[in-house]
Amino acid sequence: MNPIPDMEKPSGQSEAYDLTYFDGHKRRVYVTDDQFYLTNTMMIFSRTDTKGFITSVNLPFIEASGWEKEELIGQPHYILRHPHMPASAFEDLWSTLQAGKQWTGCVKNLRKDGGYYWVRAVVDPIIEDGKIVGYNSVRRRIDNATIKEHEALYAQLRAAEI
């Protein structure tokens, strides 16, 4: 595993968060109000191993995330986790996937520059010879009404997690 790169403080207004991930890694991230808008035709794809480390990405993923391909491969997918996302969303994702089932949900992702983008993610386990060997994720743009709905829902879930 490559060390998780530190996030550089962006110029302009930002809010700092000290994050601790489920595996004990810690990282300071800076969040801005800059939203990256996916086009209607962008389909973001990534593949991970069974532990969530990125093994493959497509060009729209690179463009939306702001990271270079070489920076992403070998990193845990949680490098994109925005601090506004409730932990319970990812607990649900992992329990669903480890049961061999598809997971669908709306996700606010953190860009390398501190900005963000919203997607509807569909994540499937890759099963070979009856065993899960990795995960495929396909993500698409969501509309503003869905974003507002999930911002409110995720704020409630974060408040309940405290």
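Cut-offs and rules
Residues numbered from 1 in each chain as written. Predicted model: local features only at pLDDT ≥ 70, side-chain atom pairs only at ≥ 80, totals over all residues. Heavy atoms only, no water. Helix = DSSP H or I, 4+ residues; strand = E, 2+ residues; numbered from the N terminus. Buried < 20%, exposed > 50% of the residue type's maximum accessible area, 1.4 Å probe, protein only. Polar contact = N/O pair within 3.5 Å; in protein donor to acceptor, adjacent residues only side chain to side chain. Contact = heavy atoms within 4.5 Å. Pairing = 2+ DSSP bridges. Expected span 1.5 Å × (residues − 1). Arc of directions from axis to C-beta. Axes fitted to C-alpha atoms, helices over the stretch in contact; angles between N-to-C directions.

The chain appears in an unreviewed UniProt entry as PAS domain S-box protein from Cardiobacterium hominis.

Peer 1: Where do I start with the side chain of Arg 27 in this structure?
Peer 2: The topology assignment puts Arg 27 in strand 2 (residues 26-31). Using a relative accessible area of 4% as the deciding quantity, one classes Arg 27 as buried. Within the structure, Arg 27 has its side chain in polar contact with the backbone oxygen of Ile 79 (distance 3.1 Å). The contact partners of Arg 27, leaving out residues within four places of it in the chain, are Ile 4, Pro 5, Met 7, Tyr 17, Asp 18, Leu 19, Tyr 21, Trp 67 and Ile 79.

Peer 1: Please clarify how the pairing of strand 6 (residues 116-128) should be interpreted in this entry.
Peer 2: Side-chain positions along a regular strand alternate between the two faces of the sheet. Where strand 5 (residues 103-110) meets strand 6, 8 bridges bridge the pair, whose relative direction is antiparallel. Paired with Thr 104 across the strands is Val 122, a residue of strand 6. From the end of strand 6 to the start of strand 7 (residues 131-140), which pair antiparallel, there are 2 residues, and Asp 129 there has a positive phi angle of about 55 degrees.

Peer 1: Help me understand helix 3 (residues 87-98) in this model?
Peer 2: One turn of an α-helix holds 3.6 residues; hence residues three or four places apart share an orientation. Look at helix 3: 17 Å from first C-alpha to last across 12 residues, which is about the 16 Å you get at 1.5 Å a residue. Residues Ala 89, Leu 93, Thr 96 and Leu 97 constitute the buried set of helix 3. Buried residues of helix 3 fall within an arc of 95 degrees about the axis and therefore sit on the same side. Facing away from the buried side of helix 3 by over 90 degrees, the exposed positions are Glu 91 and Gln 98. Of the residues flanking the end of helix 3, it is Gly 100, one or two places downstream, whose phi is positive at about 80 degrees.

Peer 1: So what exactly am I meant to see when it comes to the sheet that holds strand 3 (residues 44-48) here?
Peer 2: Hydrogen bonds along the backbone pair up the strands of a sheet, which may run parallel or antiparallel. Read across the sheet, 5 strands follow the order 4-3-7-6-5 without closing on themselves; strand pairing throughout is antiparallel. If you trace the sheet from one side to the other, it starts and ends with strand 4 (54-57) and strand 5, each paired once. Across the sheet, the mean angle separating the axes of adjacent strands is 30 degrees when strand polarity is ignored. Across the face of the sheet, helix 3 comes into contact with strand 5, strand 6 and strand 7 while running at roughly 140 degrees to strand 5. Here helix 4 (residues 144-161) sits on the sheet in contact with strand 5 and strand 6, set at roughly 80 degrees to strand 6.

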